[in-house]
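Okay, here's what each chain looks like letter by letter:
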Amino acid sequence: MSLFGKIFGSGGKGGKAPTPQEAIQRLRETEEMLAKKQDFLEKKIEQELLTAKKNGTKNKRAALQALKRKKRYEKQLAQIDGTLSTIEFQREALENANTNTEVLKNMGFAAKAMKAAHENMDIDKVDDLMAEITEQQEVAQEISDVISRPVGFGEDYDEDELMAELEELEQEELDKNLLEIGGTENLPSVPSTSLPSKPAKKKVEEDEDDMADLEAWAAN
């Protein structure tokens, strides 16, 4: 059985294909297993390196054996690094594919819901419904107008007559104001003191004659 067959199980005839969630979980478990193997190899590499340094030239054979094991561990570690990169890439691609699948699934679900909502609707029905709503609004407005109209008889007046009556009232008010302005009640009062009277013309002439006689006597 291949490596992928061991990881994901048999995919032969009649076998059920794994779900994206199951495959993603398997890949994550594999990543964890390889990460633990990495830690183990890194520790072994450090241990063999210390062994080689410890023996050195004093025990050349043991030092060379330690370096050989170190090289072998490093090779395994490099292979694991490459495998982890491949698995990580595959897991991310599968997660993206799973996300796209879920998005499309939800969009399809929403489309079915929208189709069900519009199942008994078409353009003609919508137009009829809107026309009926408009008609009922007009009826409601007419009813509101009738209810708000004053109740009684003989209340239909000629607007021209009302305007003429209003103009007459305004003219009467204007005339009244003009009369109040032209009356004497608002004029200032007459001074109570008497002014000096002007001397009579005859009296002035007599005084002038007396003055002339006085001047003539004084000259003689």
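Here, the structure is the one placed above.
About the cut-offs
- Residues numbered from 1 in each chain as written.
- Predicted model: local features only at pLDDT ≥ 70, side-chain atom pairs only at ≥ 80, totals over all residues.
- Heavy atoms only, no water.
- Helix = DSSP H or I, 4+ residues; strand = E, 2+ residues; numbered from the N terminus.
- Buried < 20%, exposed > 50% of the residue type's maximum accessible area, 1.4 Å probe, protein only.
- Contact = heavy atoms within 4.5 Å.
- Areas by Shrake-Rupley, 256 points an atom, 1.4 Å probe, with all protein chains shown as cover.
- Expected span 1.5 Å × (residues − 1).
- Salt bridge = Lys/Arg side-chain N within 4 Å of Asp/Glu carboxyl O.
- Phe/Tyr/Trp six-rings, centres within 6.5 Å; stacked < 30°, edge-to-face > 60°.
- Lys NZ or Arg CZ within 6 Å of the ring centre and 35° of its normal.
- Polar contact = N/O pair within 3.5 Å; in protein donor to acceptor, adjacent residues only side chain to side chain.
- Axes fitted to C-alpha atoms, helices over the stretch in contact; angles between N-to-C directions.
- Parallel < 35°, antiparallel > 145°, perpendicular 65-115°, else oblique.
- Left-handed = near helix turned anticlockwise from the far one by under 90°.
- Nonpolar A, V, L, I, M, F, W, Y, C, P; charged D, E, K, R; others polar.
- Core = buried A, V, L, I, M, F, W, Y, C linked by side-chain atoms within 4.5 Å.
- Patch = residues over 30% accessible without salt bridge, like charges linked within 9 Å, V, L, I, M, F, W, Y side chains within 5 Å.
- Lys, Arg positive; Asp, Glu negative; His and termini not counted.
- Charge placed at Lys NZ, Arg CZ, Asp CG, Glu CD.

S.K.: Tell me about the overall build of the chain, and please be specific about residues and values.
M.R.: Helix and strand counts for the chain come out as six helices and zero strands. Going residue by residue from the N terminus, the α and β elements of the chain occur as α-α-α-α-α-α. Looking at the chain residue by residue over its 220 residues, the buried ones come to 12%. Taking all contacts inside the chain whose residues are at least 6 apart in sequence as the whole, residues at least 24 apart take part in 70%. For the chain, the computed accessible surface area is about 19,600 Å², with 56% contributed by carbon and sulfur atoms.

S.K.: Explain helix α2 (residues 20-55) to me, using residue names and the numbers behind them.
M.R.: Side chains of residues three or four places apart in an α-helix project in the same direction, reflecting 3.6 residues per turn. Along its 36 residues, α2 runs 52 Å from first to last C-alpha, staying within 8% of the 52 Å computed at 1.5 Å per residue. Positive backbone phi, approximately 55 degrees, marks glycine 56, located one or two places after α2.

S.K.: Lay out the pattern of salt bridges with the relevant residues and their values.
M.R.: Per the stated rule, a full pass over the model turns up six salt bridges. One salt bridge connects glutamate 48 with arginine 69, and the closest N-O pair in it is separated by 2.9 Å. Placement of the pair is glutamate 48 in helix α2 and arginine 69 in helix α3 (residues 60-117), with a sequence separation of 21 residues. The salt bridge involving arginine 91 is made with glutamate 95; its shortest N-O contact spans 3.2 Å. Of this pair, arginine 91 and glutamate 95 both sit in helix α3, four residues apart, roughly one helical turn. Judged by relative accessible area, arginine 91 falls into the buried class, the value being 14%.

S.K.: Talk me through the packing of aromatic side chains; I want residue IDs and the actual numbers.
M.R.: A full pass over the atoms with the stated rule returns zero aromatic pairs. The positively charged end of arginine 72 is found above the aromatic ring belonging to tyrosine 73, 5.7 Å away from the centroid.

S.K.: Break down the side chain of glutamate 48 for me, citing the residues and quoting the values.
M.R.: Taking the relative accessible area as the measure of exposure, glutamate 48 reaches 5% and is therefore buried. A polar contact of 2.9 Å, which involves the side chain of glutamate 48, links it to the side chain of arginine 69. Once you skip the residues sitting within four places of it in the chain, glutamate 48 turns out to touch Ala66, Arg69, Lys70 and Tyr73.

S.K.: Tell me about the packing of α2 against α3, residues and numbers included.
M.R.: Interhelical geometry of α2 versus α3 gives an angle of 160 degrees and a closest axis separation of 8 Å. It follows that α2 is roughly antiparallel to α3 by the angle criterion. The two elements α2 and α3 meet at a crossing, and its hand is left-handed. Of the residues contributing to the contact of α2 with α3, the split by class is 19 nonpolar, nine polar and 14 charged.

S.K.: Got a sec to walk through the nonpolar core? Specific residues and values, please.
M.R.: Residues Leu27, Leu34, Leu41, Ile45, Tyr73, Leu77, Ile80, Leu84 and Ile87 constitute the largest nonpolar core, which totals nine residues. Mapped onto this core, the elements with two or more residues apiece are α2 and α3. Residue contacts for isoleucine 87: discarding those within four places in its chain leaves Leu27, Thr30, Glu31 and Leu34.

S.K.: Please give an account of a nonpolar patch on the surface that cites residues and values.
M.R.: A contiguous nonpolar surface patch, about 410 Å² in accessible area, is contributed by Met121, Val126, Leu129, Met130 and Ile133. Along the chain, the position of methionine 130 falls in helix α4 (residues 123-148). Note on methionine 130: relative accessible area 46%, which makes it partly exposed.

S.K.: Which residues make up the side chain of asparagine 55, and what are the values?
M.R.: With respect to the element layout, asparagine 55 can be found in helix α2. A polar contact of 2.8 Å, which involves the side chain of asparagine 55, links it to the backbone oxygen of threonine 51. Those residues in contact with asparagine 55 that lie beyond four places of it in its chain are Ala62 and Ala63.

S.K.: If you had to explain a negative patch on the surface to someone new, which residues and values would you point to?
M.R.: Side chains of Asp122, Asp124, Asp127, Asp128, Glu132, Glu135, Glu138, Glu142 and Asp145 sit close together on the surface and give a patch of like negative charge. One can find aspartate 128 in helix α4.

S.K.: Account for the environment of leucine 50, naming residues and giving values.
M.R.: Its place among the elements puts leucine 50 in helix α2. Using a relative accessible area of 58% as the deciding quantity, one classes leucine 50 as exposed. Residues leucine 50 and alanine 63 lie 13 residues apart in sequence; the distance between their C-alpha atoms is 9.3 Å.

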